[in-house]
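Chain by chain, the residues run as shown.
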Amino acid sequence: MQIKKILHITGLRELGSGQRRQLQYEKNASHKLNFVCWDTVAIHSGDPIEDFELTIPPYLNFLIIRNLYFWLYLLKERKKYDYILFRHIPFDPFSIFFSPFIKNRISVHHSKEVEELKLIKTGWKGRLASNVEKITGKFSLQRSIFIAGVTQEIAIYENLRSNAHKGT
């Protein structure tokens, strides 16, 4: 059986201690998988603590431009892996341009983004972010090879939102 190479990648403004522990746990657990070579990368604005963390360069570390660095990194690495587990970035206009080029991408969701954006930002900012996510998120979902959620409820929601029916 051929060894599959998997990249689990997360791009965030800040990597919280709970997220860091979760990524470390998953990385450690991956060593027990047979026939899998698993790499973990967390790209964020803070100082790296674990060996899987990368810092966004200061000249790209503002607003949603930081997402550009994340996509460029992913574009550079995509051919090294059979599958890329990609933590979905909500409200990301770069997904429209870059997602068609990452053909081995599995979209991983931790929330119902369209609904959550309205709760995080109140008023017109939340509605705007939610409406942008409806477009960019659906485009990104439709260009992934599989849609995964951290709960079955989230996975079903994202699959229905995409109209792509790519798993749960």
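These numbers come from a predicted model, not from an experiment.

**A closer look at the pairing of strand β1 (residues 4–11)**
Taken across its eight residues, β1 has six buried, putting it largely inside the fold. Across eight bridges, the pairing between β1 and strand β2 (residues 36–44) is parallel. Paired with Lys4 across the strands is Val36, a residue of β2. Summarising the sheet, β1 and strand β4 (residues 83–87) pair through four bridges and their orientation is parallel. Residue pairing across strands places Ile9 opposite Phe86, the latter belonging to β4.

**Remarks on helix α4 (residues 113–120)**
Where α4 is concerned, the buried positions are Glu113, Val114 and Leu117. Looking down the long axis of α4, one finds its buried residues gathered within 100 degrees of arc, a one-sided arrangement. Looking at the packing, one finds that the buried side of α4 touches β5 (105–109), α5 (123–142) and α6 (152–162).

**Some points on the layout of surface pockets**
Taken as a whole, the largest pocket spans an internal volume of roughly 960 Å³. If you trace the largest pocket, you find 29 residues lining it, with Arg13, Ile89, Pro90, Phe91 and Leu117 closest to the centre. Elements with a minimum of two residues in the lining of the largest pocket: α2 (66–77), β5, α4 and α5. Class assignment of the residues belonging to the lining of the largest pocket gives a composition of 15 nonpolar, seven polar and seven charged. What lines the second largest pocket is a set of 13 residues, and nearest its centre among them are His8, Glu26, Val108, His110 and Val150.

**Points about the confidence of the model for the protein chain**
When pLDDT is averaged across the protein chain, the result is 92; 97% of the residues are at 70 or more. α4 is the least confidently modelled element of the protein chain, averaging 91 in pLDDT, while β4 averages 97, the highest of any element.

Reading the values: the criteria
Residues numbered from 1 in each chain as written. Predicted model: local features only at pLDDT ≥ 70, side-chain atom pairs only at ≥ 80, totals over all residues. Heavy atoms only, no water. Buried < 20%, exposed > 50% of the residue type's maximum accessible area, 1.4 Å probe, protein only. Helix = DSSP H or I, 4+ residues; strand = E, 2+ residues; numbered from the N terminus. Pairing = 2+ DSSP bridges. Arc of directions from axis to C-beta. Contact = heavy atoms within 4.5 Å. 1 Å grid on protein atoms, 1.4 Å probe; cavity = no way out; pocket = protein on both sides within 12 Å on 5 of 7 lines; lining within 4 Å. Points joined across faces, edges and corners; volume = space filled by probe spheres on them. Nonpolar A, V, L, I, M, F, W, Y, C, P; charged D, E, K, R; others polar. pLDDT = per-residue confidence, 0-100.

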